[in-house]
Amino acid sequence: LDKYESSKHLYEPGVSNRRVMLRTDPRKKEFPEYEYENANIRDAFNEAAKELEQQNLIAIQWLKGRPVLECITLNIEAVLECYKLVGRTHPKDLALKVAALVHEKLEYATADWIVAWRDDICVKTGEEFKVPTYCKKDLSTLETLLVALRTFDAQNGEPTTMRAFSSRCYHDTKFFERNVRDLFLQVARKYDSALAEVCEHEDLGGRDQLAYLGIYARPELYELAGNVTIHTRAGSIDLNAAGDYGLALPSTVVDDVVSFDLHTIQRVTFIENKTNYDEYIRAEKQHDELVIYHGGFISPKKRALFSKLALAARSELSVYFWGDIDLGGFQMYEQLQKTFPNVKPMRMSEAEVKKY
């Protein structure tokens, strides 16, 4: 049946004349269980094969003059009876179940990557009867995945902690991380082009990948230093009060940020590397400069914070990005340009390469 499912007989019935067979020649490695030199094993298989042939489910070919099977051929006309006999679901029936379940749970999904996954699954199951590997034994794994995808889609981009998300999905704060996270991310990496691009150029662990999607193990911290006031719905935060040490804002406050007061700032500097950031704000930061620890990939909340900062930035404000001189660093610079079109690279030129 494995060979049948890989043949044209399944997808295009009546087109192929090739037989679906198992050859007992050890060199073919198609039927290693048939140890014909062991009389007990050989005879047991022979008897079972004869019984199946009597039921018209298979045809047997013997080695000439020897009680040894040469090959066993599946009777295509009786394939449904074969599936029933071994308690196995025909691929077409399984595919229809998978497609129906996916369509039912995600019919009204709006997230682009979830819609793309849903449509791809429905096409493959409908046209090729192909289902994901984790569906072949039972549908329980698919069902738990669909709960996570449907819940994520319903959040409409609203960030949440991983434990709160897991509780919302399964009434268990740890179930998602232990049982669903890896498969969830496997789907996201394949169908979310933005996440796939980030993962291609940055070594992100599972938690960072989830943070990119807006599911946090804990709130992110965004470090800034400079003579800047941040106005929130609850009041104002004076970064200058922290002196040259700066402050760290939790991602949970971003939605409450109303505006940035940058009237004393002439320059904004983003720094990818944490050590460089710490050293820079201690020894190089100017009084009219806002320095921000960029920290690599930009999660949705970090992007929202940067966008609010960009709204307050005057056209004459100088903006710089200092990152590693590698593909990832240049891509971060390119990504930052989407929010700050006038950003310039800092210490990333040919001169730095030659000097160091």
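Throughout what follows, the structure given in this document is the object of discussion. Just so we're clear, the structure is a prediction, and the values are computed from it rather than from any experiment.

Calculation rules
- Per-chain numbering applies: the sequence of each chain, read as written, is numbered from 1 onward.
- Totals for whole chains, interfaces and linings use every residue, but because this is a predicted model, local features are given only for residues with pLDDT of at least 70 and side-chain atom pairs only at 80 or more, for both listing and counting.
- Side-chain metrics in this entry use all non-hydrogen atoms of the structure; hydrogen atoms and water are not considered.
- Inter-axis angles, ranging from 0 to 180 degrees, are taken between N-to-C directions of lines fitted to C-alpha atoms, where helices are fitted over the stretch in contact.
- Starting at the N terminus, helices and strands are each numbered in turn, a helix being any DSSP run of H or I of at least four residues and a strand any DSSP run of E of at least two.
- Should an angle fall under 35 degrees it is called roughly parallel, over 145 degrees roughly antiparallel, and 65 to 115 degrees roughly perpendicular, with every other angle called oblique.
- With the far helix as reference, a near helix turned anticlockwise by less than a right angle produces a left-handed crossing, and one turned clockwise produces a right-handed crossing.
- Should any heavy atoms of two residues lie within 4.5 Å, those residues are counted as being in contact.
- Amino acid classes used here: Ala, Val, Leu, Ile, Met, Phe, Trp, Tyr, Cys and Pro are nonpolar; Asp, Glu, Lys and Arg are charged; the rest, including Gly, are polar.
- Exposed residues in this analysis have more than 50% of their type's maximum accessible area, buried residues have under 20%, and partly exposed residues fall in between, with area computed by a 1.4 Å probe over protein chains only.
- Arc definition: it is the arc formed by the directions from the helix axis to the C-beta atoms.
- Here, strands pair whenever DSSP counts at least two bridges between them.

### Things to note about the packing of helix α5 (residues 91-106) against helix α7 (residues 140-154)
- Axis separation between α5 and α7 bottoms out at 10 Å; the angle between their running directions is 20°. The orientation of α5 relative to α7 falls into the category roughly parallel. Taken as a pair, α5 and α7 cross one another with a handedness that is right-handed. Residues V98, L101, V102, K105 and L106 of α5 touch α7, and the partners they reach there are L142, E143, L146, L149 and R150.
- Here the residues of the contact of α5 with α7 are counted per class, giving seven nonpolar, no polar and three charged.

### Here we look at helix α12 (residues 274-283)
- When α12 is considered as a whole, its buried residues turn out to be Y277, Y280 and I281. Viewed end-on, α12 has its buried residues packed into an arc of 90°, placing them on one side of the element. Every exposed residue of α12 that faces more than 90 degrees away from the buried side is listed here: T275, R282 and A283.
- In this structure, the buried residues of α12 make contact with β6 (221-225), β11 (267-271), β12 (289-293) and β13 (318-322).

### Quick look at the pairing of β13
- One ladder, built from five bridges, connects β11 with β13; its direction is parallel. The partner of R267 across the bridge, within β13, is S318.
- For β13 and strand β14 (residues 344-345), the ladder comprises two bridges, and the chain directions are parallel. Bridge pairing in β14 links F321 to P345.

All quantities given are derived from atomic positions and should not be read as evidence of function.
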